[in-house]
Amino acid sequence: MAPDTPKPLVLSNARVIDPARDLDAAGSVIIADGTILAAGPEAANQGTPYGAEVVDCKGAIACPGLIDFCVSVGEPGAEHRETLASASEAAAAGGVTTICTMPDSDPVIDDPALVDFIFRRARDTASVNVLPLAALTKGLEGTEMAEIGLLQEAGAVAFTNGHKSVKNAQVMRRIMTYARDFDALVIHHTEDPDLAGGVMNAGLNASWKGLSGVPREAEIIMLERDLRLVGMSRGKYHANLISTSDSADVIRAGKARGLDITAGVSINHLTHNENDIGAYRTFFKMSPPLRDEDDRQAMIAAVADGTIDIICSNHDPQDVETKRHPWAEAEDGAIGLETLLAAALRLYHSDQVKLITLLAAMTCRPADRLGLETGRLTKGAPADVTVFDPDRPWVLEKSAIRSRSKNSPFEDARFSGRVLRTVVAGRTVYTYV
Amino acid sequence: MTATHSHRETPFPHRHLLGIEGLHPHEILGLLDRAEEAVEVSRQVHKRKHVLEGRTQINLFFEASTRTQSSFELAGKRLGADVMNMAVSQSSVKKGETLIDTAATLNAMNPDLLVVRHHAAGAVQLLARKVSCSVVNAGDGPHEHPTQALLDALTIRRHKGKIARLTVAICGDIAHSRVARSNIILLNALGARVRVIAPSTLLPSGIGKMGVEVFQDMREGLKGADIVMMLRLQRERMNGAFIPSVREYYRYYGLDADKLAFARDDALVMHPGPMNRGVEIDPSVADGPQSLIREQVEMGVAVRMAVLEALAANLPNN
């Protein structure tokens, strides 16, 4: 708890959406001592705590602060790309109140002392909640399992091999078996590295561009393998970034078999397709690669029907040194913290996904998967709240990007939906001016 | 069944001792009672009996061993046998056919007793079919190690007066342990309640149907235990393949005073050796007042004497 407790805050005249309660109604959010006192219609005429700051939301939406399941930060090791401080600033501006940091830093977060380092740096420099994901294998090499027990005790919320798959099925099986003893969630990037072996989605588009292709099957095969291993080990598993219609089918079938599995998708795969690459624009190079329009539509449908549980930014800051190269030589990755909510709202505006479903995929569902108290506006929950106007138009200008790296595929994009205020543990960390 | 009723005269109607599996409880108790006598013999100044006088015992170890081999050697010598140790380096043996060739060669030397250890499960059984003498399994891969289970039972019975209804927790690398398999069979045969404690990666599949209660949490598994049986963790399994690291294994599965406190106050600690102090067991526990580890070694000689004697009784021309 911070020594200076923020003064009470009342967000009045809001449209309160709390997906955990399936609530979407006019009301208020009352915050004191960093936690929610009341939220929703029942909070509307409750009066205000003594000394409270009262903010008139003028009908804007107040929802739980967003939880971003998959965020790469340059700290430690590549602070010129992004620090925990700059990432948290970007997050706050995007309405994200909790970031789960990927372990693929330098050094890799595969030691309890490094988890502790992330917590200390976050406490000292970050304005949003930072929850470290720890490495699944030592050095992310995919050969030796990391110290899942000790890392979990240090505070790691889940385990992932970053943007690399664990290729060896026996290694993966043993890790999942071991992780189950600790009730640890295994988050996996599902892409067979040998079969992938390309730089953009395989198909006609790649062929005309003269680029080597990443077949969809590289993802599907790895995902199918993983779910068989989940069946053997009965562990908790999350497919972090799926991108094909067949992957969604595999997840559906796995859930129908009663496996403890969830799936995620990056915002990029909901809003872009391979045609956006245009003239080899490397900000659109990522892993998995952007797929065709049919797959994008399948991803949207999978979010709408709940097959995909979690939407993340897959925020991955890269600078000119790593991006300004010929396509095949450029690094994967795009930033996305600041635009996560605004981009997701495109699916709401196009009537493809209900607003409450979209928000659930970025609030209570990631929270539930990690066993967090946040991600909801229930009484006693941490007061992480985002206020946004779903219709306010804006344009992402490169000069306004808060991330240290500017590799956004949304540069100069128009959005409808603007974050107005972000509150973390009762403290306002961002206001739109 | 208790130690007070002697099974000393129970016949042992087997040519070989290849495993605990297949032994009747009264046969096991018979061996334990014989072993009690052997303890007495071994504690005399003059430690020699003559039941194996003129007999030849060959110790054939395809896998390195100090304590088991010397224990069998002493046992044979205390019974008056001529004992020969054959260390077979693994590189010179290429399994299968060569194993049978070795058996045929040895058989031609007309031994009476053959004590065999091999790194492959089932190798001792295969060899037993090819020779005309009695064969004792001194450990075949992760399959069985019957004399270890017998010496463990003897040690337990001498301290607790019984085996039945004791709660025995076997902790560690169950998956790769012949000691665990033989003990699970023997302890169940004599009516003990057997638990296993290990990370899931070190449990064989189907463990839930092997007559044991399974625990991943060591403290839970030790609650109310009368006997804590630790297993050695092989070095090659320590670094990332089955468990992440020694320090993590020690934290969750190393027997230290704190975890041992969850067992009964009069719980006893056992280990088949050789120990890895600071990996599966804390030095203060290994060498502490509840430890029976030294005594297990003494009982090992006695049990092997009992086994050799029981088998010799069935040899031709006896």
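Every value quoted in this text rests on a predicted model; they were computed, and no experiment measured them. (Residues numbered from 1 in each chain as written. Chains lettered and ligands numbered in written order. Predicted model: local features only at pLDDT ≥ 70, side-chain atom pairs only at ≥ 80, totals over all residues. Heavy atoms only, no water.)

1. A few points about unusual backbone geometry
Okay, so step 1: Of note, the amide linkage connecting A:Glu75 to A:Pro76 takes the cis form, showing an omega dihedral of 0 degrees.
Okay, so step 2: Position of A:Pro76 among the secondary structure elements: in the loop between strand 6 (66-71) and helix 1 (84-93).
Okay, so step 3: Between B:Gly273 and the following residue, B:Pro274, the backbone shows a cis peptide bond with an omega angle of -10 degrees.
Okay, so step 4: Despite not being glycine, A:Asp22 has its phi angle at roughly 55 degrees, a positive value.
Okay, so step 5: Mapped onto the elements, A:Asp22 comes out in the loop between strand 1 (9-18) and strand 2 (23-32).
Okay, so step 6: Taking relative accessible area as the criterion, A:Asp22 reaches 61% and is therefore assigned exposed. (Helix = DSSP H or I, 4+ residues; strand = E, 2+ residues; numbered from the N terminus. Buried < 20%, exposed > 50% of the residue type's maximum accessible area, 1.4 Å probe, protein only.)

2. A closer look at empty space enclosed by the protein
The rolling of a water-molecule-sized probe over the atoms marks out the regions of remaining empty space.
Residue and element names in this part refer to chain B.
Okay, so step 1: Overall, the coordinates contain five cavities of 30 Å³ or more when judged by the stated rule.
Okay, so step 2: Estimated volume of the largest cavity: approximately 100 Å³.
Okay, so step 3: Contributing to the lining of the largest cavity are 13 residues, with Arg67, Gln148, Leu151, Gln296 and Val297 lying nearest its centre.
Okay, so step 4: Of all the elements in the fold, those that place two or more residues in the lining of the largest cavity are helix 2 (67-78), helix 5 (146-160) and helix 11 (293-312).
Okay, so step 5: Taken together, the residues of the lining of the largest cavity break down into four nonpolar, seven polar and two charged. (1 Å grid on protein atoms, 1.4 Å probe; cavity = no way out; pocket = protein on both sides within 12 Å on 5 of 7 lines; lining within 4 Å. Points joined across faces, edges and corners; volume = space filled by probe spheres on them. Nonpolar A, V, L, I, M, F, W, Y, C, P; charged D, E, K, R; others polar.)

3. Side note on the interface of chain B and chain A
Okay, so step 1: Opposite the 17 residues of chain B that make contact, chain A presents 18 residues.
Okay, so step 2: Approximately 1400 Å² of surface area, both sides summed, lies buried where chain B meets chain A, with 50% of it carried by carbon and sulfur atoms.
Okay, so step 3: Of all residues in chain B, B:Pro244, B:Arg247 and B:Glu248 bury the most surface against chain A, accounting for 32% of the area lost on that side.
Okay, so step 4: At the boundary of chain B and chain A, one finds three salt bridges.
Okay, so step 5: Taking the shortest distance from any N to any O, the salt bridge between B:Arg251 and A:Glu153 comes out at 2.6 Å.
Okay, so step 6: Along the contact surface separating chain B from chain A lie 13 residue pairs in polar contact (both at pLDDT 80 or more).
Okay, so step 7: For the side of chain B that touches chain A, the class distribution of residues is eight nonpolar, six polar and three charged. (Contact = heavy atoms within 4.5 Å. Buried area = accessible area lost by both parts, 1.4 Å probe. Salt bridge = Lys/Arg side-chain N within 4 Å of Asp/Glu carboxyl O. Polar contact = N/O pair within 3.5 Å; in protein donor to acceptor, adjacent residues only side chain to side chain.)

4. Overview of the sheet that holds strand 7 (residues 213-215) of chain B
All names here are of chain B.
Okay, so step 1: As summarised here, the arrangement of the five strands in space is 7-6-5-8-9, forming an open sheet in which the pairing is parallel. With partners counted over all chains shown, the strands left at the sheet margins are strand 7 and strand 9 (268-270), one partner each. Sheet twist, expressed as the average angle between the axes of neighbouring strands with direction ignored, equals 20 degrees.
Okay, so step 2: Here strand 6 (residues 193-197) pairs with strand 7 via three bridges, running parallel. Residue pairing across strands places Val196 opposite Val214, the latter belonging to strand 7.
Okay, so step 3: Contacts between helix 5 and the sheet are confined to strand 8 (227-230) and strand 9, with strand 9 contributing the most and set at about 165 degrees to the helix. (Pairing = 2+ DSSP bridges. Axes fitted to C-alpha atoms, helices over the stretch in contact; angles between N-to-C directions.)

5. Examining the environment of B:Ser245
Okay, so step 1: Structurally, B:Ser245 can be placed in the loop between strand 8 and helix 8 (246-253).
Okay, so step 2: On the basis of relative accessible area, B:Ser245 is assigned to the buried category, the value being 9%.
Okay, so step 3: The spatial distance from the C-alpha of B:Ser245 to the C-alpha of B:Arg165 is 35 Å, given a sequence separation of 80 residues.
Okay, so step 4: Filtering out sequence-adjacent residues up to four positions away, B:Ser245 remains in contact with A:Glu147 and B:Met238.

6. Concerning the sheet that holds strand 4 (residues 134-140) of chain B
The strands that make up a sheet are held in pairs by hydrogen bonds between backbone atoms, and each pair lies either parallel or antiparallel.
All names here are of chain B.
Okay, so step 1: Reading across the sheet, the four strands line up as 2-1-3-4 and stay open at both edges, with parallel pairing between neighbours. The open sheet is flanked by strand 2 (82-87) and strand 4, the only strands paired with a single partner. With direction set aside, neighbouring strand axes in the sheet form an average angle of 15 degrees.
Okay, so step 2: Sheet topology places strand 3 (residues 113-118) next to strand 4; five bridges connect them, and they run parallel. Directly across from Val116, in strand 4, lies its bridge partner Asn137.
Okay, so step 3: Across the sheet, helix 11 is in contact with strand 1 (56-61), strand 3 and strand 4; its angle to strand 4 comes to roughly 150 degrees.

7. Here's the deal with the nonpolar core
Okay, so step 1: One finds A:Tyr237, A:Ile311, B:Leu150, B:Ile170, B:Leu187 and B:Leu255 to be the most contacted residues of the largest nonpolar core, which totals 183 residues.
Okay, so step 2: The element best represented in this core is helix 11 of chain B, accounting for twelve residues.
Okay, so step 3: Setting aside chain neighbours within four positions, we find B:Leu150 in contact with B:Leu17, B:Ile20, B:Ile28, B:Leu31, B:Leu32, B:Leu186, B:Val303 and B:Val307.
Okay, so step 4: A:Cys57, A:Ala60, A:Leu377 and A:Ala383 belong to the second largest nonpolar core, which has 20 residues in total. (Core = buried A, V, L, I, M, F, W, Y, C linked by side-chain atoms within 4.5 Å.)

8. A closer look at the packing of aromatic side chains
Okay, so step 1: If you walk through the whole model with that rule in mind, you get five aromatic pairs over all chains.
Okay, so step 2: Aromatic side chains A:Phe182 and B:Tyr252 sit 4.9 Å apart centroid to centroid with 75 degrees between the ring planes, which places their arrangement in the edge-to-face category. In this pair, A:Phe182 is assigned in the loop between helix 4 (169-181) and strand 10 (185-188) and B:Tyr252 in helix 8, connecting two distinct chains.
Okay, so step 3: Classification of A:Phe182 by relative accessible area gives buried; the value is 14%.
Okay, so step 4: Residue B:Tyr252 is classed as buried on the basis of its relative accessible area of 16%. (Phe/Tyr/Trp six-rings, centres within 6.5 Å; stacked < 30°, edge-to-face > 60°.)

9. Overview of the side chain of A:Thr307
Residue and element names in this part refer to chain A.
Okay, so step 1: When you line up the elements, Thr307 lands in the loop between helix 10 (293-304) and strand 15 (310-312).
Okay, so step 2: A relative accessible area of 6% means that Thr307 is categorised as buried.
Okay, so step 3: Contact partners of Thr307, with chain neighbours within four places excluded, come to Ala248, Ile251, Arg252, Lys255, Ala263 and Ala302.

10. Re the pattern of salt bridges
All names here are of chain B.
Okay, so step 1: Throughout the structure, instances matching the rule amount to 42 salt bridges over all chains.
Okay, so step 2: Lys49 is the partner of Glu309 in a salt bridge, and the nearest nitrogen-oxygen pair spans 3.4 Å. Here the residue Glu309 occupies a position in helix 11, and Lys49 occupies one in the loop between helix 1 (25-43) and strand 1, the gap between them amounting to 260 residues.
Okay, so step 3: Salt bridges linked by common partners bring Asp33, Glu36, Arg157 and Arg158 together as one network.

11. Quick look at the pairing of strand 6 of chain B
Okay, so step 1: With four of its five residues buried, strand 6 of chain B lies for the most part within the structure.
Okay, so step 2: In this view, the connection linking strand 5 (residues 167-171) of chain B to its parallel neighbour strand 6 of chain B by way of helix 6 (residues 178-189) of chain B has right-handed handedness. (Right-handed = clockwise from strand over helix to strand, strands pointing away.)

12. Details of helix 10 of chain A
Residues and elements named next belong to chain A.
Okay, so step 1: With twelve residues, helix 10 extends 17 Å between its outermost C-alpha atoms, agreeing within 8% with the 16 Å of an ideal straight helix rising 1.5 Å per residue.
Okay, so step 2: For helix 10, the complete set of buried residues consists of Asp295, Arg296, Ala298, Met299, Ile300, Ala302 and Val303.
Okay, so step 3: Its side-chain oxygen 3.2 Å from the backbone nitrogen of Asp294, Asp292 forms the N-cap of helix 10.
Okay, so step 4: Directly beyond the C-terminal end of helix 10, a positive phi value near 85 degrees is found at Gly306. (Expected span 1.5 Å × (residues − 1).)

13. Remarks on the confidence of the model for chain B
Okay, so step 1: Across chain B, pLDDT averages 92, with 95% of residues at or above 70.
Okay, so step 2: As a predicted assembly, this complex carries a pTM of 0.94 together with an ipTM value of 0.90. (pLDDT = per-residue confidence, 0-100.)

14. Let's talk about helix 7 (residues 216-233) of chain A
Okay, so step 1: Between its terminal C-alpha atoms helix 7 of chain A stretches 26 Å, which fits the 26 Å expected from 18 residues at 1.5 Å a residue.
Okay, so step 2: In the segment just after helix 7 of chain A, A:Arg234 is the residue with positive phi, at about 55 degrees.

15. Comments concerning the pairing of strand 2 of chain A
Residue and element names in this part refer to chain A.
Okay, so step 1: For strand 2, a buried count of seven out of ten residues is recorded, marking the element as mostly surrounded by other parts of the structure.
Okay, so step 2: Both strand 1 and strand 2 contribute to a ladder of eight bridges, which runs antiparallel. Looking at strand 2, one finds that Val10 is bridged to Ile30.
Okay, so step 3: Here strand 1 folds back onto strand 2 in antiparallel fashion, the turn holding four residues, of which Asp22 has a positive phi close to 55 degrees.
Okay, so step 4: Note that strand 2 and strand 3 (residues 35-40) share five bridges and pair antiparallel. Within the sheet, the bridge partner assigned to Ile30 lies in strand 3 and is Ala38.
Okay, so step 5: Connecting strand 2 to the next strand, strand 3, in antiparallel fashion are two residues, including Asp33 with a positive phi near 55 degrees.

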